[in-house]
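Structural overview for review
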Amino acid sequence: MKIYVAGPMRGIPEFNFPAFHEATAVLRAKGHTVFNPAERDNERHGTDISKGNTTGDETIAAAEHGFSLREALGEDLAWICAHADAIALLPGWRDSKGAQAELAVAKALGLRFLSITVNTAIQDEFGVSLSMLD
């Protein structure tokens, strides 16, 4: 399954990248293809844009690395539209405008959505564990 990882970034230390990376590792270990927007941001800018950004401040990332929310969200939504079978939601996604937008697109496209809990257990919208979806 091709899965997009969504969750809160802005306002969280290091943009919550560690949580994105942990979820990505679990999903890939289960054999899924995963789009991790944290990885994409780092690839685009040639460095880990989260390091040292203790408040997850978008303006710091823009000043230091040329980060653009419009470009990042545009690329993320384009991947969801073109490739995703499902979207995996990290804890705190309800408080994230970006994750809300990504989920809205996924719902409009009829994609599955998965909820990732704090201990990286993953369930789909019907409460089925992701391991059962393999």
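Scoring rules and cut-offs
- Sequence order as written defines residue numbering, which begins from 1 separately in each chain.
- pLDDT decides what is reported in this predicted model: residues at 70 or higher carry local features, side-chain atom pairs at 80 or more are listed and counted, and totals for whole chains, interfaces and linings draw on all residues regardless.
- With hydrogens and water set aside, each side-chain value is computed from the structure's full complement of heavy atoms.
- Helix and strand labels come from DSSP, where a helix needs a run of H or I of at least four residues and a strand needs a run of E of at least two; each type is numbered from the N terminus.
- Summary of the burial criterion: residues with accessible area below 20% of their type's maximum are buried, those above 50% are exposed, and those between are partly exposed, where the area comes from a 1.4 Å probe applied to protein chains only.
- The method behind every accessible area is Shrake-Rupley, applied with a 1.4 Å probe, and residues are considered shielded solely by the protein chains displayed.
- Stacked, tilted and edge-to-face pairs are distinguished by plane angle, under 30 degrees for stacked and over 60 for edge-to-face with tilted covering the rest, among Phe, Tyr and Trp rings (Trp via its six-membered ring) whose centres lie within 6.5 Å.
- By this rule, a helix spans an expected 1.5 Å times one less than how many residues it contains.
- The arc in question is the one spanned by the directions pointing from the helix axis to the C-beta atoms.
- Residue contacts follow a heavy-atom distance rule, with two residues in contact if any of their heavy atoms lie within 4.5 Å.

With that out of the way, let us pick up the overall build of the chain. In terms of helices and strands, the chain carries five helices and five strands. In the chain, the succession of helices and strands from N to C terminus is β-α-β-α-α-α-β-α-β-β. Taken across its 134 residues, the chain has 40% of its residues classed as buried. With the model as given, the accessible surface of the chain reaches about 6,800 Å², and the carbon-plus-sulfur share is 54%.

Next up on the list: the packing of aromatic side chains. Evaluation of the coordinates by the stated rule reveals four aromatic pairs. Centre to centre, the rings of Tyr-4 and Phe-35 are 5.4 Å apart; their planes meet at 20°, and the pair counts as stacked. Here Tyr-4, found in strand E1 (residues 2–6), pairs with Phe-35, found in strand E2 (residues 33–35); they are 31 residues apart in sequence, far enough to count as distant. Judged on exposure class, the residue Tyr-4 and its partner Phe-35 are both buried. When the ring of Tyr-4 is compared with that of Trp-79, the centres are 6.5 Å apart and the planes differ by 35°; the resulting orientation is tilted. With a gap of 75 residues between them, Tyr-4 in strand E1 and Trp-79 in helix H4 (residues 69–83) connect regions that are remote in the sequence. Residues Tyr-4 and Trp-79 agree in their burial class; the two are buried.

A word on helix H5 (residues 97–108). Counted at 1.5 Å a residue, the expected span for H5 with its 12 residues is 16 Å, and the 16 Å between its end C-alpha atoms agrees. All of the buried residues in H5 are Gly-98, Ala-99, Glu-102, Leu-103 and Ala-106. What you see down the axis of H5 is that its buried residues fit within an arc of 130°, all on one side. Summarising the geometry of H5, the exposed residues directed more than 90 degrees from the buried face are Lys-97, Lys-107 and Ala-108. Taken together, the buried residues of H5 touch E1, H4, strand E3 (86–89) and strand E4 (112–116). Gly-110 sits one or two residues past H5 and shows a positive phi near 75°.

Functional significance is not addressed by these values, which are geometric in nature.
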